[in-house]
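Below, each chain spelled out in residue letters.
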Amino acid sequence: MANYLVTGIAGFIGSAVARALLRQGHQVTGVDNLTTGYRDNVPAGAAFIKADCQDAALYDTVLPRTPFDAIFHIAGQSSGEVSFDDPAYDLRTNTESTLHLLRFARRTGCTRLIYASTMSVYGCQPDEPVHETAPAAPLSFYGVGKLASEHYLRLHEQFGIRSTALRLFNVYGHGQNMDNMRQGMVSIFMAMMLRNGHIHVKGSPERYRDFVHIDDVVRAFLLCLGQQRSHGEVINIAGSGRVTVGQLVEELRALHPAPVTVEFSGCTAGDMHGIHADKDKARTVLGYTPQVSLRQGLEDMYRRTAPLLTRHHGAENAS
Ligand SMILES: NC(=O)c1ccc[n+]([C@@H]2O[C@H](COP(=O)([O-])OP(=O)(O)OC[C@H]3O[C@@H](n4cnc5c(N)ncnc54)[C@H](O)[C@@H]3O)[C@@H](O)[C@H]2O)c1
């Protein structure tokens, strides 16, 4: 049995990773400041600490001194759009937090850190599967902060911290925050459809993304633990391949028995026109290939989310 630290444990991805680690019989300590996460998301059996990952006191006085077997750093402000509201906050919450965690790992003798990075580090790319070696020129402060975090990971290799940065593409699935209308294309559209029978898309239907189901993302995080070849690497984690926003909207409409109107207008700051992933490195380094098709994943999410949507969640800071 191993002992893991999971940051962002009250969020969509962090809670799912923590749940999978607990199911395998490991010990999990989770940190979250509940800005977009929910206390109810923290899986039973995990020790929970409510704190900001950028707060030095967390590392000096709260977390145990015995080294964790690995740190999963998943906490973060996860919206490109929101990063434009307060870039300095984005930097503190997403980048300073990474630096603190790396220094904590070094001080306590933890030698493994797995990081939730993002496709947003790439910025504008040609319409072909983007490889990890493509030049990274982010279009949002969020992407800049995540890319900086990747470089902090790289620099800490010299201190014996073996890290892996997973560049997650558009993650979706059951458990996604359906109240946060500024992050998560699938969750935003599905919430609009279920609540109002109307989907307002900010941007063109020709834009395209690569949608990856939460179960595949969890598998990728866990695969990192067993694959030494992933040490020091950045790896794309994607799923569906190239899917346009218009196609996604049609897939969602097909799930819903009632009429759904759709409007395309406006745009989002820092939005990329299109991106989809080259998945070769994930396959060769991690043994990862996505298992959940977009249709299966959307059907499952719709089936499990629709009945819950009207239930009130106790977020301390619903966005
Ligand atoms: N969802 C996606 O499509 C996607 C894609 C690429 C990368 N990511 C990254 O994955 C991570 C998790 O995203 P998610 O979709 O689960 O979002 P989420 O908002 O559901 O989860 C993030 C969690 O981190 C917590 N948090 C935020 N800042 C914190 C801080 N400074 N200290 C402590 N806790 C903090 C929030 O309260 C929340 O519980 C983020 O780092 C995000 O950038 C997500």
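Residues numbered from 1 in each chain as written. Predicted model: local features only at pLDDT ≥ 70, side-chain atom pairs only at ≥ 80, totals over all residues. Heavy atoms only, no water.

In the nomenclature of an unreviewed UniProt entry, the protein chain is known as dTDP-glucose 4,6-dehydratase of Oleidesulfovibrio alaskensis. Its UniProt record gives the protein chain a comment under Sequence similarities (unreviewed entry), which states: "Belongs to the NAD(P)-dependent epimerase/dehydratase family." (UniProt positions renumbered as here; feature names shortened; annotations may be inferred.)

Visitor: I'm lost on the domain arrangement of the protein chain in this one. Help?
Guide: Much of the literature gives interface size as the accessible area that the parts lose upon coming together. Each assigned domain of the protein chain is listed here: domain 1 (3-171 + 210-237) and domain 2 (177-209 + 241-273 + 294-308). On a C-alpha basis, the centres of domain 1 and domain 2 stand 25 Å from each other. Tallying the contact residues gives 20 residues for domain 1 and 22 residues for domain 2. Taken together, the two surfaces of domain 1 and domain 2 that pack against each other cover about 1,800 Å², and 53% of this comes from carbon and sulfur. In this assembly, domain 1 and domain 2 are joined by 4 salt bridges. Across the salt bridge formed by Arg-182 and Glu-81, the nearest N and O atoms sit 3.5 Å from each other. Within the residue set of the side of domain 1 that touches domain 2, elements represented by two or more residues are helix H3 (80-83) and strand E9 (208-213). In terms of residue count, the dominant contributor to the side of domain 1 that touches domain 2 is E9 (3 residues). Classifying every residue of the side of domain 1 that touches domain 2 by side-chain character gives 7 nonpolar, 9 polar and 4 charged. (Domains from an automatic or database assignment. Contact = heavy atoms within 4.5 Å. Buried area = accessible area lost by both parts, 1.4 Å probe. Salt bridge = Lys/Arg side-chain N within 4 Å of Asp/Glu carboxyl O. Helix = DSSP H or I, 4+ residues; strand = E, 2+ residues; numbered from the N terminus. Nonpolar A, V, L, I, M, F, W, Y, C, P; charged D, E, K, R; others polar.)

Visitor: Hey, could you run me through the confidence of the model for the protein chain in this one?
Guide: Across the protein chain, pLDDT averages 94, with 97% of residues at or above 70. Below pLDDT 50 for its whole length, residues 310-319 participates in 12 contacts with residues either more than four positions away or in separate chains. (pLDDT = per-residue confidence, 0-100.)

Visitor: How should helix H4 (residues 87-108) be read in this particular structure?
Guide: Two residues of an α-helix separated by three or four positions point the same way, owing to the 3.6 residues in each turn. Relative to the 32 Å expected for 22 residues at 1.5 Å per residue, H4 spans 31 Å between its end C-alpha atoms, a close match to the ideal helical length. Maximal helix bending in H4 amounts to about 30°, located at Glu-96. Every buried residue belonging to H4 is among Asp-90, Thr-93, Asn-94, Thr-95, Ser-97, Thr-98, His-100, Leu-101, Leu-102, Phe-104, Ala-105 and Thr-108, and all of these are buried. On its buried side, H4 packs onto strand E1 (3-7), helix H2 (56-62), strand E4 (70-73), H3, strand E5 (112-118) and helix H5 (141-155). Following H4 by one or two positions, Gly-109 has its phi on the positive side, about 90°. (Expected span 1.5 Å × (residues − 1). Bend = angle between axes of the 7 residues up to and from the residue. Buried < 20%, exposed > 50% of the residue type's maximum accessible area, 1.4 Å probe, protein only.)

Visitor: Can you walk me through the environment of Val-285 in this structure?
Guide: As for its placement among the helices and strands, Val-285 is situated in helix H9 (residues 280-286). Taking the relative accessible area as the measure of exposure, Val-285 reaches 10% and is therefore buried. The sequence separation of Val-285 and Leu-223 amounts to 62 residues, and the corresponding C-alpha distance is 9.6 Å.

Visitor: What's the story with unusual backbone geometry in this structure? I'm lost.
Guide: One can expect most non-glycine residues to show negative phi and most peptide bonds to be in trans. The backbone phi angle of Leu-34 is positive, close to 60°, even though this residue is not glycine. Within the element layout of this structure, Leu-34 appears in the loop between strand E2 (27-32) and strand E3 (47-50). Since its relative accessible area comes to 4%, Leu-34 is described here as buried.

Visitor: Looking at this model, I keep getting lost on the pairing of strand E6 (residues 162-168). Mind explaining?
Guide: Side-chain positions along a regular strand alternate between the two faces of the sheet. Across the 7 residues of E6, 6 count as buried, placing the element largely inside the fold. When E5 meets E6, the two strands line up parallel, connected through 7 bridges. Paired with Leu-113 across the bridge in E6 is Ser-163. (Pairing = 2+ DSSP bridges.)

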